[in-house]
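Coordinates in review
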Amino acid sequence: MAIAGPIPIAFEHVFPHGCYLVGEVEQVKDFTASTGGRTVFAKDKTTGELVWQVAVMDADPAAKLAQKTVAVKIISPVQPVPPTPTPGLPITPVEFEGMTVTPYVHQTTGRLAYSLRARGMRAPRAGAASTKQTGAAGKEVAA
């Protein structure tokens, strides 16, 4: 099969209406390798770099309530720095660079789900909102 591993995808295809940070950047724990009082942090299997995670809210008005907040994992040797908050906004708009999506079957529900990863994050580019697609996003966290 030609597709093996994570599938590259543009930020605009995942979040055509944009997204907002709703959590802090956290280092992902490797629960399998951690034992007792010793915490081991996850590393990307391909690059060996650390894995970080941040919760974001999808700005798509058609997204189901249960799918409004999703986690994006960021592969980086150092902790990613969120964009500077926008004055007057209670949440911070964000864009992700180098995104990939990995479909999998959720163990609990048996439904199709997607893992979102990125290489970095930044503040949205000026004028990006006017160029974004307005169609429905082809994503879901758990179907």
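Figured I'd write up the structure that's included with this text. The structure presented is a predicted model; accordingly, all values stated were derived computationally and were not measured.

**Some details on the overall build of the protein**
- For the protein, the helix and strand inventory stands at two helices and nine strands.
- Taken across its 143 residues, the protein has 33% of its residues classed as buried.
- Residue pairs at least 24 apart in sequence account for 67% of intrachain contacts in the protein once pairs closer than 6 positions are excluded.

**Examining the side chain of Thr100**
- Within the secondary structure, Thr100 sits in strand E7 (residues 100-105).
- If sequence neighbours within four positions are ignored, Thr100 has contacts with Pro6, Ile7, Pro8, Ile9, Ser115, Leu116 and Arg117.

**Looking at the pairing of strand E5 (residues 69-75)**
- Here strand E4 (residues 51-58) runs beside E5; their pairing, made up of seven bridges, is antiparallel. Counterpart to Ala55 in the pairing with E5 is Ala71.
- Pairing between E5 and strand E8 (residues 112-118): three bridges, direction parallel. Across the sheet, residue Lys73 finds its bridge partner in E8, namely Arg117.

**What to know about the pairing of E7**
- By the bridge criterion, two bridges tie strand E1 (residues 7-8) to E7 in an arrangement that is antiparallel. Residue Pro8 lies in a different strand from E7, and its bridge partner there is Thr100.
- Both E7 and E8 contribute to a ladder of six bridges, which runs antiparallel. Within E8, the position partnered with Val105 by the bridge is Leu112.
- The hairpin turn running from E7 into E8, its antiparallel successor, is six residues long, and Gly110 in that turn takes a positive phi close to 75°.

**Remarks on the packing of aromatic side chains**
- Enumeration over the complete set of coordinates arrives at two aromatic pairs.
- Relative to Phe96, the ring of Phe11 has its centre 6.4 Å away and its plane inclined at 50°; by these criteria the two rings are tilted. One end of the pair, Phe11, is in helix H1 (residues 11-14); the other, Phe96, is in strand E6 (residues 92-97), with 85 residues separating them in the sequence. Of the two residues, Phe11 and Phe96, neither departs from the other in class, the shared state being buried.
- In textbook terms, an aromatic cluster arises when at least three aromatic residues are bridged by ring pairs, as seen for Phe11, Phe15 and Phe96.

**With respect to the pattern of salt bridges**
- Taken as a whole, this structure holds six salt bridges when the rule is applied.
- Glu95 serves as the salt-bridge partner of Arg122, at 3.0 Å between the closest nitrogen and oxygen. Placement of Arg122 in strand E9 (residues 120-122) and of Glu95 in strand E6 is noted, with a sequence separation of 27 residues between them.
- On the basis of relative accessibility, which here comes to 23%, the residue Arg122 falls in the partly exposed class.

Definitions and limits used
- Residues numbered from 1 in each chain as written.
- Predicted model: local features only at pLDDT ≥ 70, side-chain atom pairs only at ≥ 80, totals over all residues.
- Heavy atoms only, no water.
- Helix = DSSP H or I, 4+ residues; strand = E, 2+ residues; numbered from the N terminus.
- Buried < 20%, exposed > 50% of the residue type's maximum accessible area, 1.4 Å probe, protein only.
- Contact = heavy atoms within 4.5 Å.
- Pairing = 2+ DSSP bridges.
- Phe/Tyr/Trp six-rings, centres within 6.5 Å; stacked < 30°, edge-to-face > 60°.
- Salt bridge = Lys/Arg side-chain N within 4 Å of Asp/Glu carboxyl O.

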